[in-house]
Amino acid sequence: MSPNKAGGAIGAAVTLANVSKTYATREGLPVQALDAINLEMTPGSFVACVGPSGCGKSTMLSLLAGLIPSSEGEIRIDGEVVCKAHPKVGVVFQSDLLLYWRTVLGNVLLPLEIKKQRTEASHDQVLELLKQVGLEGFADKYPSELSGGMRQRVALSRALIQEPGLLLMDEPFAALDALTREKLIVDLEAMWLRLGNTVLFITHGIDEAVFLADRVVVMSPRPGKIVLDLKIEISRPRKWGSAHEDPLFLGYVRQIRKIFEAQGVL
Amino acid sequence: MARLFENSAATLLILTVLLVWQIAVIVSGISEFVLPSPLQIAIRLVEERWLLLSHAGVTAFEVLSGFLTSAVIGIPLALAIFYSPIFERAIYPVLVGMQTIPKIVLAPILVLYLGYGWAPKIVLAFLISFFPIVISTVVGLQSLDKGLVNLVRSMGATEAQIFFKIRLPAALPNIFGGFKVAISLAVIGAVIGEYIAADKGLGYLQLQANSQFDTTLNFAAVVVISSVGIGLYSILNWLESKVSFRRERAT
Ligand SMILES: Nc1ncnc2c1ncn2[C@@H]1O[C@H](COP(=O)(O)OP(=O)(O)O)[C@@H](O)[C@H]1O
Ligand SMILES: [Mg+2]
């Protein structure tokens, strides 16, 4: 399915089987966020998930990251049942969540310190990774010295240094201005083509979902259900500029918009 | 406050005030015992340096003992309030409520129980500096972004790692903020304790000076009390710069 991966076959196989999540709220009323999600991600595939606000996208991500338990069903990463944080998972959130008292280098080293995997080689590894994400020479800067786009690149590096089999991204570019966002979208595709992680990319942007993904999963309003699982057959590497004139691209976008319109979301 | 003196505009302002004061005293011919000039105070400071220093030692000891007791009891209590729902619901509201009681009014009672020595002063300094330390530490611990906790949890962090790698560093600016308020209040507590009943300390020296109509010595004591406060505050500032990264520093 995915046409990539010269270097590493690090992508993990991910399965959600009949996964539901109901929150117990403080008032005692249960809130069902996810309803019987079935999703299978092949190793190295890029899956984007779009859906209206509050439909349970972040919940699905938290479940995969092992941050909360599911109410029903089973999640597996490379065959192992997820019940706590899984070592093969790296996460990027909408907010960069950088530690302001650590330099860029220190921030990217954080997961290695937590996992007790920091070695003498780690320093050079981080510098190499920073170079790849376009942050060469910024290792000793503090987050407050960086722009929003650069900070999100650091957050991405912090996830990638863990060599995650599954990279989870929760609206990572939503807080960025349009131009910065476009640049990051294009660079993310290039990075992913090189690295070959399995990616679950949550977004509000239909265009970025279609541009980036092998598959776009569309969810219904809460409780979230998968209402469309759309295979995106556009060759890679894709071109952001011409994508918006490509009838194939526009057809996928229209198809997804139609569902949102039918749901009354758009 | 250390920064205040690095700031040349502030230094200039202080010098101007002193100069105006000096000139006003000379021109008006006001008597020293009503209002001494800055120069007269300075001379007195030098002449009585050993007397002032020995009393300053007593006051500083009381301030530091009270403050350190507050920190040693306050920080663990703040941790208990943060980590235990029972402490949070039972003790924290009481503490916040008690912050509104002026602790100073306890001074005469403390003297009654603890006598004329340093004990009531230390207890007063402790009581007055305790609440800001506890409350700002709790606020600091609570200030951590929930998203950050989720992020490091996704990396498999243990509770201890969460505390030492992110929660404590994120709380340090608040903790030091509390320390700085507390140390200034501890000075007030100790000196007031000395006003009530004492046979040493800078507060006691002020009362002695008053009874002898020695206004200059009184002012000299004020200068030394302020210096004790500024000195302790500066130590905290220095300590903070060693262990904590201020968010503003890099911007
Ligand atoms: N910890 C929680 N407790 C109770 N309800 C929650 C909690 N987290 C999320 N929810 C609810 O679950 C639903 C889905 O939330 P979320 O997964 O954040 O949606 P999305 O990311 O798609 O916007 C929302 O209605 C939200 O209010
Ligand atoms: Mg969300």
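From a predicted model like this one, the values you see are computed outputs, not experimental measurements.

Let us now look at the sheet that holds strand 10 (residues 226–231) of chain A. Residue and element names in this part refer to chain A. Judged by pairing direction, the sheet is mixed, and its six strands sit side by side in the order 6-7-8-3-9-10 without closing on themselves. Looking at the sheet topology across the chains shown, the edges are occupied by strand 6 (89–92) and strand 10. Neighbouring strand axes in the sheet, compared pairwise and without regard to direction, differ in orientation by 15 degrees on average. Pairing analysis gives four bridges linking strand 3 (residues 46–50) to strand 9 (residues 215–219), with the strands arranged parallel. Bridge pairing links Val 47 to Arg 215 in strand 9.

Residue and element names in this part refer to chain A. As a structural note, the neighbourhood of ligand 1 is formed by 13 residues, with Tyr 23, Ala 33, Lys 57, Ser 58 and Thr 59 the closest of them. Of all the secondary structure elements, the ones that give two or more residues to the shell around ligand 1 are strand 2 (30–41) and helix 1 (57–64). Here the shell around ligand 1 is composed, by residue class, of four nonpolar, seven polar and two charged.

Our next topic: the interface of chain B and chain A. With 19 residues of chain B in contact, the opposing surface of chain A contributes 18 residues. Mapped onto the side of chain B that touches chain A, the elements with two or more residues apiece are helix 9 (146–154) and helix 10 (159–196) of chain B. It is helix 9 of chain B that contributes the most residues to the side of chain B that touches chain A, seven residues altogether. Its residues assigned to classes, the side of chain B that touches chain A comprises nine nonpolar, six polar and four charged.

Quick look at unusual backbone geometry now. Residues and elements named next belong to chain A. Backbone torsion omega between Arg 222 and Pro 223 reads -5 degrees, so that peptide bond is classified as cis. Within the secondary structure, Pro 223 sits in the loop between strand 9 and strand 10. With omega at -5 degrees, the peptide bond leading from Arg 236 into Pro 237 counts as cis. Among the secondary structure elements, Pro 237 is positioned in the loop between strand 10 and helix 7 (240–243). In this structure, Ala 36 takes a positive phi of about 45 degrees despite not being glycine. Here Ala 36 lies in strand 2.

What follows concerns the domain arrangement of chain A. Residues and elements named next belong to chain A. Along its sequence, chain A is organised into domain 1 (1–88 + 165–266) and domain 2 (98–163). For domain 1 versus domain 2, the separation of C-alpha centres amounts to 24 Å. Taken together, the 12 residues of domain 1 in the interface contact nine residues of domain 2. Sorting elements by how many residues they give to the side of domain 1 that touches domain 2 places helix 5 (residues 178–195) first, with five residues. Looking at the side of domain 1 that touches domain 2 residue by residue, the classes come out as nine nonpolar, one polar and two charged.

For the rest of this paragraph, the subject is the environment of Lys21(A). Tracing the sequence through the fold places Lys21(A) in strand 1 (residues 14–24). When near neighbours in sequence (up to four residues on either side) are disregarded, Lys21(A) contacts Ala33(A), Leu34(A), Gly56(A), Thr59(A), Leu63(A), Ser70(A) and Ser71(A).

The predicted coordinates ought not to be read in detail in places where the model reports low pLDDT. Confidence in the prediction for chain A averages 93 pLDDT; 97% of positions are at 70 or higher. Between residues 1–7 of chain A, whose pLDDT stays under 50, and residues either more than four places distant or in other chains, the model counts 15 contacts.

Residue and element names in this part refer to chain B. Here helix 8 (residues 119–142) crosses helix 10 at 160 degrees, and the two axes come no closer than 7 Å. Here helix 10 runs roughly antiparallel to helix 8, going by the angle between their axes. The two elements helix 8 and helix 10 meet at a crossing, and its hand is right-handed. A per-class count over the contact of helix 8 with helix 10 returns 21 nonpolar, nine polar and three charged.

Thresholds applied
Residues numbered from 1 in each chain as written. Chains lettered and ligands numbered in written order. Predicted model: local features only at pLDDT ≥ 70, side-chain atom pairs only at ≥ 80, totals over all residues. Pairing = 2+ DSSP bridges. Helix = DSSP H or I, 4+ residues; strand = E, 2+ residues; numbered from the N terminus. Axes fitted to C-alpha atoms, helices over the stretch in contact; angles between N-to-C directions. Near = placed C-beta within 6 Å. Nonpolar A, V, L, I, M, F, W, Y, C, P; charged D, E, K, R; others polar. Contact = placed C-beta atoms within 7 Å. Domains from an automatic or database assignment. pLDDT = per-residue confidence, 0-100. Parallel < 35°, antiparallel > 145°, perpendicular 65-115°, else oblique. Left-handed = near helix turned anticlockwise from the far one by under 90°.

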